[in-house]
Amino acid sequence: MTLLTVRRDGEIAVVTLDNPPVNAISEAVRKELFEMVGQLDADPGVRAAVLICAGRTFLAGADVREFGKPPVEPHLPEVVDRIEGAEKPWVAAIHGAALGGGFEIAMGCRFRIAVESARVGLPEVTLGVIPGASGTVRTPRLAGIETTVDLVTSGRPMPAGKALKAGLIDAVVSDLERDAVAFARAALDAELPLPVSQRPLAPMPEAFWQDARKRAAKPGHQAPLRALDSLRFATEHDFAEAMEHERETFLDLRGSDEAAALRHIFFAERAAPKPSALKGIEPRPVRTVGVIGGGTMGAGIAGACREAGMEILLIERDDEAVTRGLANVGKIFDSAVKRGKLSAEDRAGRMAGVRGSTDYADLADADLVIEAVFEEIGVKRAVFAELGRVCRADAVLATNTSYLDPRAIAEGLPDPSRFIGLHFFSPAHIMKLLEIVPTPDTAPDVLATGFALGRALNKMPVQAGICEGFIGNRILKRYRAEAEALVKQGVAIAEIDAAMRGYGFRMGPFEAQDLGGLDIAFLQREGARAEGQDVPETLGDILVRAGRKGQKTGGGWYDYAEGDRTPKPSASVATLLADRVSGSAALSGPEIADRLVGAMAAEGEAILREGIAQSPQDIDLVEIHGYGFPRWKGGPMFAAGMTASAR
Ligand code: 3H9
């Protein structure tokens, strides 16, 4: 045995698994666990076993890296059965997370105990599969069907306290190994509970399943519904039949495009925050953050940084604006209190770490200053002139611009090596994406500081090069242009939106513009035209000029009834655009989606060629975390077959 070690505490065998980094259940782990059961059963000195893990977590689930390869024995369901069928009871001692196959192994044990910070769950749907080692068969026998539906369709792990109430675990303890041994010892002479597989399970009425399907359904995402099917099958068949059915579904999905897409994102998300080019480069410490501008964006950035424990100084131009800015930050924490995520006392603590000022000199101690003022080059340059004067020489200075050239903003800064673009997405305390935009002068440790900030804020940091719109907004522009091209060919606006919803987006391109307002992009185009740039007229321009700026004006691409956000196809829009529509193309939903996703991928390819993005994976992450691209499609580059990952 190389991954398992055994220590004896009287009649209790403490089996420790150590398979860094997350004790994933690889072929070797399965084999050793399987054999360990036999060894302990054969040892007359042992009467019970504790299964505990070294490192940061209990078993994190099946080894995802093996999913692309043919399955090798012993399969995980056999290992779980073997533990459950042991002559001596096993106690799973959980810290960190017991996920997927990790929780399935815990269910094979006669008892499960956990520390309070632990979480348990069945996240398989987030990898495009369903539990494959009794998650849909044992879990309902352990904790009932409602709890299982929630676990297997959402994939969300449950904290130990809640898991205890739900019956998923037997106890929450403080000293895991000591208490697990005590638990096992107490069980020696007590009557043991039935193995989970032998517990009863009653079927549920048709209406229950219909409701569950409605709640779990996501367009184009098959795993949650297949998990429900498997769960239903388990309630209507015996244990062995249900196991067979679950395994078949698991293996079927394991080879699906959806599973390949989600694995691609799983690994991309873990690689992006720590780029290999920055290995060994120490980021600068960031404890105090200055934010210039207390509008929606500035307040969101301040809220996000404060939430990560940083001290904030918010700079505004006058006292009234400072008060407004602080109130904007306060609203962010208020909403967390309302949602039960923050206590009133903690809210006060958060706000105590947010100060406001009109005096740039107060930024003398800031480690990082993020500018979030009006998108106008003169205004931004003036801000950085001040920052250059008052900030510490080693302070990192960042702009949150979304369209301006960061090099132009940094012009005149005495030391441009400490300057960087940090492009947050609104609302900045919620949106995961952070585009990190170095200039040719940015020092490597300043770039590393941007990534460290992204990680500290629990964001998805992605490096972007300098071009109009960086990665995300540049692709958005192309996506919208392609959608307009379809309209010109005669495809109905509502059909295009419906096609993209069918593909998995929450909203189609036109509905999304109506919600956000058509005027922002219009003003940008007008600004560029005023500077003499040749910016062709868009259909959106025609609508804005006719006063149709979106929901806020009662109409944009659609009409809206007063107080109603339901989009209604608009006769006025048809009239306004009539002389631009020169065809009557009939495309199916999937054909429309192909066209639009293909356009995004083509722009992504150009972005890669120009070195604006570091990898196709980064482009996929930008689209998923900033623009609502369905993660189960893997992002536009994956969907178009432009990534290296194996399908
Ligand atoms: C399953 O179990 C199917 C079964 O039902 C049926 C089978 C028959 N495999 O996330 P981190 C790597 S499906 C391989 O940054 P954290 C990860 O790539 C599985 N590798 O750590 C990274 O590598 P690197 C269901 C894995 O502390 C490193 O470990 N289970 C796996 O922030 C650190 O990862 C899941 O979906 C894996 N399963 O969070 C759980 N997991 O250093 C997935 C991680 O090279 N895992 N790695 O970049 C997690 O949710 C988190 O890793 C966890 C720790 C919460 C455990």
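Everything numeric in this text was worked out from a predicted model, so none of it was measured.

(A) Spotlight on the overall build of the protein. Counting secondary structure elements, the protein contains 26 helices and 19 strands. Taking 647 residues into account, the globule formula puts the C-alpha radius of gyration at 26 Å, and the protein, at 28 Å, falls close to it. Its C-alpha atoms give the protein principal-axis dimensions of about 85 × 60 × 45 Å. The buried share of the protein, reckoned over its 647 residues, is 47%. Sequence separation of 24 or more characterises 72% of the internal contacts of the protein that already satisfy a separation of 6 or more.

(B) A look at the site of the ligand. Around the ligand, the surrounding shell holds 27 residues, and the nearest of these are Ala60, Gly61, Gly100, Gly101 and Gly132. Only β5 (97-99), α3 (101-108) and α11 (257-271) provide two or more residues apiece to the shell around the ligand. A breakdown of the residues in the shell around the ligand according to their chemical character gives 15 nonpolar, six polar and six charged.

(C) Seen up close, the environment of Ala212. With respect to the element layout, Ala212 can be found in helix α8 (residues 206-216). Taking C-alpha positions, Ala212 is 35 Å from Ala586, a pair spaced 374 residues apart along the chain. When neighbours within four sequence positions are excluded, Ala212 is seen to be in contact with Val149 and Leu228.

(D) Summary view of unusual backbone geometry. Cis geometry marks the peptide bond from Pro20 to Pro21, where omega comes out at 0°. Its place among the elements puts Pro21 in the loop between β2 (12-17) and α1 (27-42). Here Ser134, not a glycine, exhibits a phi torsion of approximately 95°, which is positive. With respect to the helices, strands and loops of the structure, Ser134 is situated in the loop between β7 (119-121) and α4 (138-143). A tally of 28 C-beta atoms within 10 Å means that Ser134 is categorised as buried. Although it is not a glycine, Phe470 adopts a positive phi angle of roughly 50°.

(E) Fine view of the UniProt feature "domain: 3-hydroxyacyl-CoA dehydrogenase C-terminal" (unreviewed entry) in the protein. The UniProt record marks residues 469-560 with the feature "domain: 3-hydroxyacyl-CoA dehydrogenase C-terminal" (unreviewed entry), using the residue numbering of this structure. For residues 469-560, helix accounts for 60% and strand for 2%, while the C-alpha atoms at its two ends are 30 Å apart.

(F) Layout of the sheet that holds strand β13 (residues 368-371). The eight strands lie next to each other as β12-β11-β10-β13-β14-β15-β16-β17, forming an open sheet whose pairing is mixed. If you trace the sheet from one side to the other, it starts and ends with β12 (354-357) and β17 (460-463), each paired once. The sheet shows a mean angle of 25° between the axes of neighbouring strands, direction not considered. Where strand β14 (residues 396-399) and strand β15 (residues 419-424) come together, three bridges link them in parallel fashion.

(G) Local environment of the nonpolar core. In this structure, Val50, Val91 and Val369 are the most contacted members of the largest nonpolar core, which totals 185 residues. Element by element, the count of residues in this core is highest for helix α24 (residues 589-609), at eight residues. Once residues within four sequence positions are removed from consideration, Val50 is found in contact with Ile12, Val14, Val15, Val91, Ala93, Ala180, Val181 and Ala184.

(H) Quick look at the environment of Gln489. As for its placement among the helices and strands, Gln489 is situated in the loop between α18 (472-488) and α19 (493-503). Judged by the 15 C-beta atoms lying within 10 Å of it, Gln489 is partly exposed. The sequence separation of Gln489 and Pro123 amounts to 366 residues, and the corresponding C-alpha distance is 43 Å. What Gln489 contacts, discounting residues up to four positions off in sequence, is Gly583 and Ala585.

(I) A look at the UniProt feature "domain: 3-hydroxyacyl-CoA dehydrogenase NAD binding" (unreviewed entry) in the protein. Sequence positions flagged by UniProt for "domain: 3-hydroxyacyl-CoA dehydrogenase NAD binding" (unreviewed entry) are, in local numbering, residues 288-464. Secondary structure across residues 288-464 comprises 41% helix and 21% strand; the distance between its end C-alpha atoms is 25 Å.

Cut-offs and rules
- Residues numbered from 1 in each chain as written.
- Predicted model: local features only at pLDDT ≥ 70, side-chain atom pairs only at ≥ 80, totals over all residues.
- Helix = DSSP H or I, 4+ residues; strand = E, 2+ residues; numbered from the N terminus.
- Rg over C-alpha atoms; globule rule 2.2 N^0.38 Å.
- Buried ≥ 20, exposed ≤ 12 C-beta atoms within 10 Å, placed from the backbone.
- Contact = placed C-beta atoms within 7 Å.
- Near = placed C-beta within 6 Å.
- Nonpolar A, V, L, I, M, F, W, Y, C, P; charged D, E, K, R; others polar.
- UniProt positions renumbered as here; feature names shortened; annotations may be inferred.
- Pairing = 2+ DSSP bridges.
- Axes fitted to C-alpha atoms, helices over the stretch in contact; angles between N-to-C directions.
- Core = buried A, V, L, I, M, F, W, Y, C linked by C-beta atoms within 7 Å.

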